[in-house]
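# Structural description and commentary
Residues per chain, in single letters:
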Amino acid sequence: MARFWLMKSEPDAYSWDDLVKQGEGTWDGVRNHRAKNNLAAMEEGDQVFFYHSNVGLEIVGIAEVTVAGIADPTDPTGKWAAVKVKPVRKLKRPVTLKQVKAEPALAEMELVKLMRLSVSEVRPAEWEKILQMSEE
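Residues numbered from 1 in each chain as written. Predicted model: local features only at pLDDT ≥ 70, side-chain atom pairs only at ≥ 80, totals over all residues. Heavy atoms only, no water.

Mapped onto the elements of the fold, D12 is located in the loop between strand 1 (4-9) and helix 1 (16-22). Among the residues examined, D12 registers a relative accessible area of 63% and is labelled exposed. (Helix = DSSP H or I, 4+ residues; strand = E, 2+ residues; numbered from the N terminus. Buried < 20%, exposed > 50% of the residue type's maximum accessible area, 1.4 Å probe, protein only.)

So, in structure tokens, the structure goes:
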């Protein structure tokens, strides 16, 4: 069964539009052990929220893991993980961090609890709630 994730990127460094333009991107450069473990746990077909950090602070789109279990090409030691993702669709309406924090059903979400984590897991109910919020 596919799992759900959230990946943060600073839009001035790598944005949703950059991923769309590329068609497929490598998610690399993560140097946090928990985030690395999340990357290593991803499987092909898993769905990912694309979150703009620093500028915007909002979930803007959905991507899909196309290649899992690869070594980070930016890491000469080979100990850090990476995956490849492709864009699926832009959300009808971005869901801001402020909206996520204001929603009681999302109070336990890793995005809220572990703010600095760049790659986090999203529970199925959280995924559905955010999709619902993006349509309101």
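Moving on to the sheet that holds strand 1. The sheet built from 6 strands is open, its strands ordered 2-5-4-3-1-6 with mixed pairing. In this open sheet, the two edge strands, each paired with only one partner strand, are strand 2 (25-27) and strand 6 (119-122). For this sheet, the mean inter-axis angle between neighbouring strands, taken without regard to orientation, is 40°. Of the strand pairs in this sheet, strand 2 and strand 5 (residues 81-96) are connected by 3 bridges, and their pairing is antiparallel. Paired with W27 across the two strands is V83, which belongs to strand 5. (Pairing = 2+ DSSP bridges. Axes fitted to C-alpha atoms, helices over the stretch in contact; angles between N-to-C directions.)

Quick look at the packing of aromatic side chains now. Under the counting rule described, the total for this entry stands at 6 aromatic pairs. Ring geometry for F4 and W127: centres 4.5 Å apart, planes at 25°, overall stacked. Placement of the pair is F4 in strand 1 and W127 in helix 5 (residues 124-135), with a sequence separation of 123 residues. Since its relative accessible area comes to 4%, W127 is described here as buried. With a centroid separation of 3.8 Å and an interplanar angle of 20°, the aromatic rings of F49 and W127 are classed as stacked. Here F49 is found in strand 3 (residues 47-52), whereas its partner W127 is found in helix 5, with 78 residues between them in sequence. Both residues of the pair, F49 and W127, count as buried. Ring pairs connect the aromatic residues Y14, W16, W27 and F50, which therefore count as one cluster. The ring of W80 carries the charged tip of K36 above its face, separated from the ring centre by 5.9 Å. (Phe/Tyr/Trp six-rings, centres within 6.5 Å; stacked < 30°, edge-to-face > 60°. Lys NZ or Arg CZ within 6 Å of the ring centre and 35° of its normal.)

Here we take up helix 5. In this model helix 5 runs 17 Å from its N-terminal to its C-terminal C-alpha over 12 residues, within 8% of the 16 Å that 1.5 Å per residue would give. Among the residues making up helix 5, those that are buried are E126, W127, K129, I130, L131, M133 and S134. (Expected span 1.5 Å × (residues − 1).)

Let us now look at the environment of V55. The residue V55 is located in the loop between strand 3 and strand 4 (58-71) in this model. Along the primary structure V55 and P73 are separated by 18 residues, whereas in three dimensions their C-alpha atoms are 26 Å apart.

Now for helix 2 (residues 33-41). Within the sequence span of helix 2, burial applies to A35, N38 and L39. Across the axial projection of helix 2, the buried residues extend over an arc of 100°, all falling on one side. In the core, the buried residues of helix 2 are packed alongside strand 1, strand 2, strand 5, helix 4 (110-113) and strand 6. One side-chain oxygen of the residue at the start of helix 2 lies 2.9 Å from the amide nitrogen of R34, identifying that residue as N32. (Arc of directions from axis to C-beta. Contact = heavy atoms within 4.5 Å. Polar contact = N/O pair within 3.5 Å; in protein donor to acceptor, adjacent residues only side chain to side chain.)

As a further point, take the pairing of strand 3. Here is the key point about a regular strand: its side chains alternate between the two faces of the sheet. Counting buried positions over the 6 residues of strand 3 gives 6, a clear majority of the element. Judged by which residues are buried, strand 3 turns out to be covered on both faces: Q47, F49 and Y51 on one side and V48, F50 and H52 on the other are all buried. With 6 bridges joining them, strand 1 and strand 3 adopt parallel strand pairing. Considered in strand 3, the bridge of L6 is made with F49.

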